Amino acid sequence: MNHRLLLGYSLILLPLAETLLLGNTFGLNWHSPKLMYQISTFLVPIKMLLTIAGTILIYRTGFRSPLSYLHMAPYCIGLCHALLLSLVCLSYLIFGTKADLFRESGTIHVYTANAGAMAKSYHHFSLICRDDFWFYRLQPIETLDWLGEFSFQQQGDELLIQHKDYEGEHEKRLDIAGFNCDSSS
């Protein structure tokens, strides 16, 4: 098999595998969910350029013999993946990323799902458990309905959430005494 063709396949299939199978940033959970999201948005144009390079390499090998038409499938997959990644890049340029939906205070992490969308919005509060190498896992604490503008902080064994919505200012306290990062829980 031609080395250029093998390189073209690799440049198409590796970014595609990262997009479809591995989750954000190769499935790594290092430092914080917000950082992993920001790295994954940075990787989108890189994956697009790699995929385009792979499709160009396959195209340049030509489709002269009947056997070479077997290369059409990876070529078409590469074109579709490059098109989708270019649309994602364009949406980041127009609408920005959603990095502001990730918030952290101490060991408490909040992700706001469906913010500004037509569906109902939720805040997912989690405890961040890090190991010695800063890899983390999230231990869910509570999922709350939309709070409006809010701030949160941990005070001992309680999570204090101050929020303001159309009805005024409110305070919510969550007992987090039972949540810890022991591997047994």
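The structure under discussion appears in the preceding block.
Note that the coordinates shown come from a computational prediction; the quantities given were computed from them, not determined experimentally. (Residues numbered from 1 in each chain as written. Predicted model: local features only at pLDDT ≥ 70, side-chain atom pairs only at ≥ 80, totals over all residues. Heavy atoms only, no water.)

Novice: Whenever I open this one, the pattern of salt bridges confuses me. Can you help?
Specialist: Think of it this way: side chains of opposite charge can pair up when their charged atoms draw near. Scanning all chains against the criterion turns up 4 salt bridges. A salt bridge links K47 to E18, with the shortest nitrogen-to-oxygen separation between them at 2.6 Å. Of this pair, K47 sits in helix 2 (residues 33-61) while E18 sits in helix 1 (residues 3-20), placing them 29 residues apart in sequence. By the burial criterion, K47 is buried, and E18 matches it. The shortest N-O distance in the salt bridge between E171 and R173 comes to 3.3 Å. Residue classification places E171 among the partly exposed residues on the basis of a relative accessible area of 46%. (Salt bridge = Lys/Arg side-chain N within 4 Å of Asp/Glu carboxyl O. Helix = DSSP H or I, 4+ residues; strand = E, 2+ residues; numbered from the N terminus. Buried < 20%, exposed > 50% of the residue type's maximum accessible area, 1.4 Å probe, protein only.)

Novice: Mind showing me how you'd approach the nonpolar core here?
Specialist: The nonpolar side chains of soluble globular proteins are, as a tendency, buried together. Grouped together as the largest cluster of nonpolar side chains are 14 residues, with contacts concentrated most on I108, F125, F150, F152, L159 and I161. Elements that contribute at least two residues to this core include exactly strand 2 (108-113), strand 3 (122-130), strand 4 (136-145), strand 5 (149-155) and strand 6 (158-165). A per-element tally of this core places strand 3 first, with 3 residues. Counting 5 residues, the second largest nonpolar core, distinct from the first, contains L5, Y9, I12 and Y75. (Core = buried A, V, L, I, M, F, W, Y, C linked by side-chain atoms within 4.5 Å.)

Novice: Help me understand the packing of aromatic side chains in this model?
Specialist: The relative placement of two aromatic rings is captured by the distance of their centres and the angle of their planes. By the definition in use, this model includes 6 aromatic pairs. With a centroid separation of 4.9 Å and 40 degrees between ring planes, the pair formed by F102 and Y111 is classed as tilted. Judged by centre distance (5.9 Å) and plane angle (90 degrees), the ring pair of F125 and F152 falls under edge-to-face. Highlighted residues: F125 in strand 3 and F152 in strand 5, separated in sequence by 27 residues. Given a relative accessible area of 9%, F152 falls into the buried group. (Phe/Tyr/Trp six-rings, centres within 6.5 Å; stacked < 30°, edge-to-face > 60°.)

Novice: Where do I start with the sheet that holds strand 6 in this structure?
Specialist: Backbone hydrogen bonds hold the strands of a sheet together, and the pairing may be parallel or antiparallel. The 3 strands are arranged 5-6-7 in an open sheet whose pairing can be described as antiparallel. Of all strands in the sheet, those bounded by a partner on one side alone are strand 5 and strand 7 (168-175). Recorded for the sheet is a direction-independent mean angle of 15 degrees between the axes of neighbouring strands. Strand direction decides the pairing type here: strand 5 and strand 6, joined by 7 bridges, are antiparallel. In the sheet register, S151 faces strand 6, and the bridge partner there is Q162. (Pairing = 2+ DSSP bridges. Axes fitted to C-alpha atoms, helices over the stretch in contact; angles between N-to-C directions.)

Novice: How should the environment of V44 be read in this particular structure?
Specialist: Its location among the elements puts V44 in helix 2. Expressed as a C-alpha distance, the spacing of V44 and P15, which sit 29 residues apart in the sequence, is 9.1 Å. Setting aside chain neighbours within four positions, we find V44 in contact with L85, V88, C89 and Y92. (Contact = heavy atoms within 4.5 Å.)

Novice: Where do I start with helix 1 in this structure?
Specialist: Helical geometry note: an α-helix holds 3.6 residues per turn, so side chains three or four residues apart project in the same direction. When the terminal C-alpha atoms of helix 1 are compared, their 25 Å separation across 18 residues agrees well with the 26 Å that a helix rising 1.5 Å per residue should span. Every buried residue belonging to helix 1 is among L5, G8, Y9, L11, I12, P15, L16 and E18, and all of these are buried. Looking at the buried positions of helix 1, the neighbouring elements they touch are helix 2 and helix 3 (72-95). (Expected span 1.5 Å × (residues − 1).)

Novice: Which parts of the structure should I look at to understand the sheet that holds strand 2?
Specialist: Strand order across the open sheet formed by 4 strands is 1-2-3-4, with antiparallel pairing between neighbours. The open sheet has two edge strands with one neighbour each: strand 1 (102-105) and strand 4. Pairs of neighbouring strands in the sheet enclose a mean axial angle of 25 degrees, with direction left out of account. Two strands pair when backbone bridges link them, and strand 1 and strand 2 are joined in this way by 4 bridges, in the antiparallel orientation. Across the sheet, residue E104 finds its bridge partner in strand 2, namely H109.

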